[in-house]
Number of protein chains: 2
Amino acid sequence: MSWPGVIERYRSFLPVTPGTPVISLGEGNTPLIPARRAGERAGGIRIFFKYEGMNPTGSFKDRGMTLAVTKALEAGAQAIVCASTGNTAASAAAFGARSGIGCAVILPKDSIALGKLVQALLYGADVVALEGSFDDAFRIMRRLVEGGRYISVNSINPYRIEGQKTAAFEVCEQLGTFAAGRDEAPVVPAVPDYLAIPVGNGGNITAYWKGFREYRDSGFVSSLPAMLGFQAAGSAPLVHGGVIAHPQTVATAIKIGDPAYRLGALDAAADSGGLIDVVSDEEILSAYRFLAAEEGIFAEPASAASIAGVFKLAQDGYFRVGETVVCVLTGHGLKDPDQAFRQSTLGDPVAAEYEAVEAFLTARREAGSGTGAGAVTASATATTATKT
Amino acid sequence: MSWPGVIERYRSFLPVTPGTPVISLGEGNTPLIPARRAGERAGGIRIFFKYEGMNPTGSFKDRGMTLAVTKALEAGAQAIVCASTGNTAASAAAFGARSGIGCAVILPKDSIALGKLVQALLYGADVVALEGSFDDAFRIMRRLVEGGRYISVNSINPYRIEGQKTAAFEVCEQLGTFAAGRDEAPVVPAVPDYLAIPVGNGGNITAYWKGFREYRDSGFVSSLPAMLGFQAAGSAPLVHGGVIAHPQTVATAIKIGDPAYRLGALDAAADSGGLIDVVSDEEILSAYRFLAAEEGIFAEPASAASIAGVFKLAQDGYFRVGETVVCVLTGHGLKDPDQAFRQSTLGDPVAAEYEAVEAFLTARREAGSGTGAGAVTASATATTATKT
């Protein structure tokens with residue numbers, strides 16, 4: 001009944017021993033939510049959302065961080081360090097606090113979403129607001145590690161990938177539950193036809209692909225999904241080749257010009273018969289609003305790249321009716337409240353009188369944009385929510 | 001393996017039939033996290049945190065909202081409405097979007113935390129920013145319901161309490177896992193000696209108490225916990241009696257002057273042999289920082305009232321060594337990023353050079369406030385994090 005965290009749950013797949021001091025915050029076990037409307041919009045496929053925003057710090061990074069910090073503690077580290085656009089920093093700071101060892105995080109000061117920054121600060125990490133890019137932060141982090149005081153918990157730390165791969169196991173086990181119906185047991189794990197995922201540093205798609213292969217090699221399932229990775233159009237070094245010196249996108253969590261897991265990501269797509277493609281910021285923001293208003297799921301903008309990419313491929317006839325696609329939603333929308341504000345409009349204050357409130361709501365309803373009208377209309381071409 | 005949400009999981013305890021159209025976002029199944037340092041600080045008791053921030057919209061409200069919206073849909077409602085200080089609004093908007101029926105939320109405009117407001121907006125609800133108090137919002141909501149168009153999903157909706165009581169079942173089942181050790185099955189549920197919980201409207205303590213009693217009456221456990229409710233000192237009508245016309249506290253989620261579940265809350269405390277007490281804003285904020293920096297758990301300020309209250313009682317010798325206390329953390333810290341900012345300090349930007357970063361971190365370390373020094377020092381008397 002009680003979920004023990006990903007290390008305890010998937011111990012046999014991970015490099016731990018009975019003596020390893022496991023640092024967990026109950027990460028993993030995030031829900032696989034069946035789409036209400038997205039499958040229909042994508043031409044009749046079956047879509048599920050793996051809602052990784054429901055990890056303790058609000059992103060998938062916790063899966064890898066539990067193992068990275070556990071191994072750092074086991075190795076007797078004095079402190080951990082990471083360079084980050086935000087989610088890694090929040091996760092490192094949380095597990096750092098939990099473990100009792102120190103944590104330093106280096107954040108490019110212009111690429112940080114509000115929620116992530118306050119997390120790192122409140123968890124008590126030493127936060128460096130760097131006047132530079134993610135790649136600058138990464139370079140400096142490497143030099144700090146060479147100094148001997150710090151163990152890196154960036155994605156170059158191999159334990160991060162090991163922990164993150166557990167999401168693939170969960171996807172298969174949860175999909176099996178849906179295939180079998182709730183009351184049948186034991187459940188036989190099932191594999192989706194496609195796994196759609198946002199791609200920034202390339203680590204997560206690498207981890208999922210490793211997880212699916214290990215799960216198959218262990219005999220739990222007999223096939224593999226095609227891996228569909230999506231980069232933001234202004235930050236797509238894996239699609240365009242080379243390094244993007246100044247990546248640009250609203251999806252800050254995947255705003256990375258020189259991915260550490262370049263080869264892992266490209267291999268995952270190629271070996272699985274999938275692809276890596278781009279989606280525009282407009283497509284990302286449209287999907288972001290769609291997720292909230294039509295599915296009831298608030299994810300951060302980068303997360304929406306997965307479903308935006310599926311919508312784009314569906315328009316081109318990529319899928320066959322009835323195929324199953326799992327879209328990974330990597331982080332919670334509360335990570336980036338400023339973006340949510342920019343994508344919506346709060347009306348003027350209303351007087352504390354029944355008549356005033358009733359008139360306000362009637363006006364909204366008659367404008368066709370609110371109660372009873374399916375809430376915000378999200379379309380591929382809309383650029384702002386029509387809520388005024 | 002796959003968690004089906006609280007209605008499917010606890011169907012036999014809830015007013016649903018096989019034909020009820022269940023609206024779920026994978027709510028419930030939140031982790032019970034053993035304290036790392038809090039038990040020692042409280043004089044040697046065993047503390048667990050029920051981290052309700054790990055619900056889909058980031059608060060415990062989702063447990064009740066899944067059932068309230070499910071039943072509204074079953075009843076053929078055109079739309080739902082609620083008055084809220086924020087968490088209820090976010091949850092209603094999410095499940096409203098998920099169900100496809102409309103949702104109106106009335107928020108007192110000066111009592112809303114940023115994260116909660118953006119949630120309601122992005123989920124597509126009609127948001128009324130009211131120039132008035134929560135009690136004004138509540139009064140107007142009632143009149144809207146009388147008009148026939150709306151079903152209220154405020155806590156006066158009895159299904160909210162029914163859904164929320166499922167948290168008590170989970171606490172017993174999860175605590176049983178810890179008592180038994182991970183590898184033993186089947187697990188025998190266990191009851192904590194105390195359940196500590198923030199109290200605003202009084203609905204949640206009422207729901208937990210109902211849940212514990214029903215679970216015992218069904219024979220799963222044979223005892224009950226003592227219920228410890230904590231109100232903010234400036235918003236404590238259950239302690240001081242009467243109505244507080246202008247409640248004041250940083251803990252916006254429990255800033256309520258006229259609780260709807262006054263009797264339920266008082267009965268829970270009295271009948272269980274517990275109490276309802278107050279904690280100051282200073283105690284709440286100290287506990288809030290402690291949770292993040294020492295336990296690795298980021299909860300909203302109101303959540304910290306539970307552990308703040310336990311620390312206060314422990315100082316007075318209330319507990320015996322070895323007793324078990326479950327502290328409910330009602331919402332995620334990302335709900336209120338502004339408060340997190342006010343409780344921490346971001347240093348000046350640092351140049352993108354190794355030497356500058358290394359010097360910055362060394363200065364932090366020598367100030368004794370960061371890496372390697374146990375991060376932020378939280379004490380009962382500190383009023384700001386010592387991070388500059």
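Residues numbered from 1 in each chain as written. Chains lettered and ligands numbered in written order. Predicted model: local features only at pLDDT ≥ 70, side-chain atom pairs only at ≥ 80, totals over all residues. Heavy atoms only, no water.

**A word on the environment of A:Pro56**
Residue and element names in this part refer to chain A.
Move 1: Along the polypeptide, Pro56 turns up in the loop between strand E2 (46–51) and helix H3 (61–74).
Move 2: The exposure class of Pro56 is buried, given its relative accessible area of 3%.
Move 3: With 31 residues separating them along the chain, Pro56 and Asn87 place their C-alpha atoms 12 Å apart. (Helix = DSSP H or I, 4+ residues; strand = E, 2+ residues; numbered from the N terminus. Buried < 20%, exposed > 50% of the residue type's maximum accessible area, 1.4 Å probe, protein only.)

**Describing the pairing of strand E10 (residues 324–329) of chain B**
All names here are of chain B.
Move 1: Taken across its six residues, E10 has six buried, putting it largely inside the fold.
Move 2: The alternating pattern of E10 places Thr324, Val326 and Val328 and Val325, Cys327 and Leu329 on opposite faces, both of which are buried.
Move 3: As paired strands, strand E2 (residues 46–51) and E10 are joined by six bridges and run parallel to one another. The residue bridging Arg46 from the neighbouring strand is Thr324, located in E10.
Move 4: For strand E7 (residues 194–198) and E10, the ladder comprises three bridges, and the chain directions are parallel. Each bridged residue has a counterpart across the sheet, and for Leu195 the counterpart in E10 is Val326. (Pairing = 2+ DSSP bridges.)

**What about the state of the cysteines?**
Move 1: Overall, the coordinates contain zero disulfides over all chains when judged by the stated rule.
Move 2: We note that A:Cys172 lacks a disulfide partner, and the nearest cysteine sulfur, in A:Cys327, lies 15 Å from it.
Move 3: B:Cys82 carries a free sulfur, and the closest cysteine sulfur to it, the one in B:Cys103, is 5.6 Å from it.
Move 4: Judged by relative accessible area, B:Cys82 falls into the buried class, the value being 0%. (Disulfide = S-S within 2.5 Å.)

**Digging into unusual backbone geometry**
Move 1: The phi dihedral of A:Asn29 is positive, around 60°, even though this residue is not glycine.
Move 2: A relative accessible area of 15% places A:Asn29 in the buried class.

**What to know about the side chain of A:Ser84**
All names here are of chain A.
Move 1: As for its position among the elements, Ser84 is in the loop between strand E3 (79–83) and helix H4 (87–99).
Move 2: On the accessibility criterion, Ser84 (1% relative accessible area) is buried.
Move 3: At a separation of 2.6 Å, a polar atom in the side chain of Ser84 contacts the main-chain amide nitrogen of Gly86.
Move 4: Polar contacts involving the side chain of Ser84 include one to the main-chain amide nitrogen of Thr88, which spans 3.4 Å.
Move 5: Setting aside anything within four residues of it in sequence, one finds Ser84 in contact with Ala89, Ile106, Leu107, Pro108 and Phe134. (Polar contact = N/O pair within 3.5 Å; in protein donor to acceptor, adjacent residues only side chain to side chain. Contact = heavy atoms within 4.5 Å.)

**Section: the nonpolar core**
Most often, soluble globular proteins have nonpolar side chains that are buried together.
Move 1: If you look at the biggest cluster of nonpolar residues, it comprises 142 residues, and the most contacted ones within it are A:Ile47, A:Ile307, A:Val310, B:Ile47, B:Ile307 and B:Val310.
Move 2: In this structure, B:Val310 is in contact with B:Ala42, B:Ile45, B:Ile47, B:Ala196, B:Phe230, B:Phe319, B:Val325 and B:Cys327, ignoring residues within four places of it in sequence. (Core = buried A, V, L, I, M, F, W, Y, C linked by side-chain atoms within 4.5 Å.)

**Focus: the interface of chain A and chain B**
By convention, interface size is frequently given as the accessible area that disappears when the constituent parts associate.
Move 1: Between chain A and chain B, the contact holds 100 residues from the first and 100 residues from the second.
Move 2: Summing both sides of the interface, chain A and chain B together bury roughly 8300 Å²; the carbon and sulfur share of this comes to 64%.
Move 3: Counting across the chain A and chain B interface gives six salt bridges.
Move 4: A salt bridge links A:Glu295 to B:Arg98; its shortest N-O distance comes to 3.1 Å.
Move 5: One can count 18 residue pairs in polar contact (both at pLDDT 80 or more) joining chain A with chain B.
Move 6: With eight residues, helix H15 (residues 354–366) of chain A is the single largest residue contributor to the side of chain A that touches chain B.
Move 7: Its residues assigned to classes, the side of chain A that touches chain B comprises 53 nonpolar, 23 polar and 24 charged.
Move 8: Direction of pairing for strand E5 (residues 126–131) of chain A relative to strand E11 (residues 350–351) of chain B: parallel, over a ladder of two bridges. When the bridges of E11(B) are listed, A:Leu130 appears paired with B:Val350. (Buried area = accessible area lost by both parts, 1.4 Å probe. Salt bridge = Lys/Arg side-chain N within 4 Å of Asp/Glu carboxyl O. Nonpolar A, V, L, I, M, F, W, Y, C, P; charged D, E, K, R; others polar.)

**Some points on the packing of H15(A) against helix H6 (residues 134–146) of chain B**
Move 1: One can describe the packing of H15(A) onto H6(B) by two numbers: an axis separation of 10 Å at closest approach and a directional angle of 60°. One element, H15(A), and the other, H6(B), form an angle in the oblique class. In this structure, H15(A) meets H6(B) at a crossing whose hand is right-handed. Contact residues: H15(A) offers A:Tyr354, A:Glu355, A:Val357, A:Glu358 and A:Leu361, while H6(B) offers B:Ile140, B:Arg143 and B:Leu144.
Move 2: In terms of residue class, the contact of H15(A) with H6(B) is built from five nonpolar, no polar and three charged. (Axes fitted to C-alpha atoms, helices over the stretch in contact; angles between N-to-C directions. Parallel < 35°, antiparallel > 145°, perpendicular 65-115°, else oblique. Left-handed = near helix turned anticlockwise from the far one by under 90°.)

**Some details on the pattern of salt bridges**
Residues and elements named next belong to chain A.
Move 1: On inspection of all chains with the given rule, the structure shows 41 salt bridges over all chains.
Move 2: Close ionic contact of Arg63 with Glu52 constitutes a salt bridge, the shortest N to O distance being 2.6 Å. Of this pair, Arg63 sits in helix H3 while Glu52 sits in the loop between E2 and H3, placing them eleven residues apart in sequence. Here the two residues Arg63 and Glu52 agree in accessibility, since each one is buried.

**Quick word on the sheet that holds strand E7 (residues 194–198) of chain A**
All names here are of chain A.
Move 1: Taken together, the six strands give an open sheet; going across it, the order is E1-E2-E10-E7-E8-E9, and neighbouring strands pair in mixed fashion. Pairing within the sheet leaves two strands with one partner each, and these edge strands are strand E1 (32–34) and strand E9 (275–279). The mean inter-strand angle of the sheet, taken between neighbouring strand axes irrespective of direction, is 25°.
Move 2: Of the strand pairs in this sheet, strand E8 (residues 226–232) and E9 are connected by five bridges, and their pairing is parallel. Each residue of the ladder has a partner; that of Leu228, found in E9, is Leu275.
Move 3: Helix H12 (residues 281–295) contacts E1, E2, E8, E9 and strand E10 (324–329) of the sheet and is inclined by roughly 90° relative to E9.

Geometry only, nothing functional implied.
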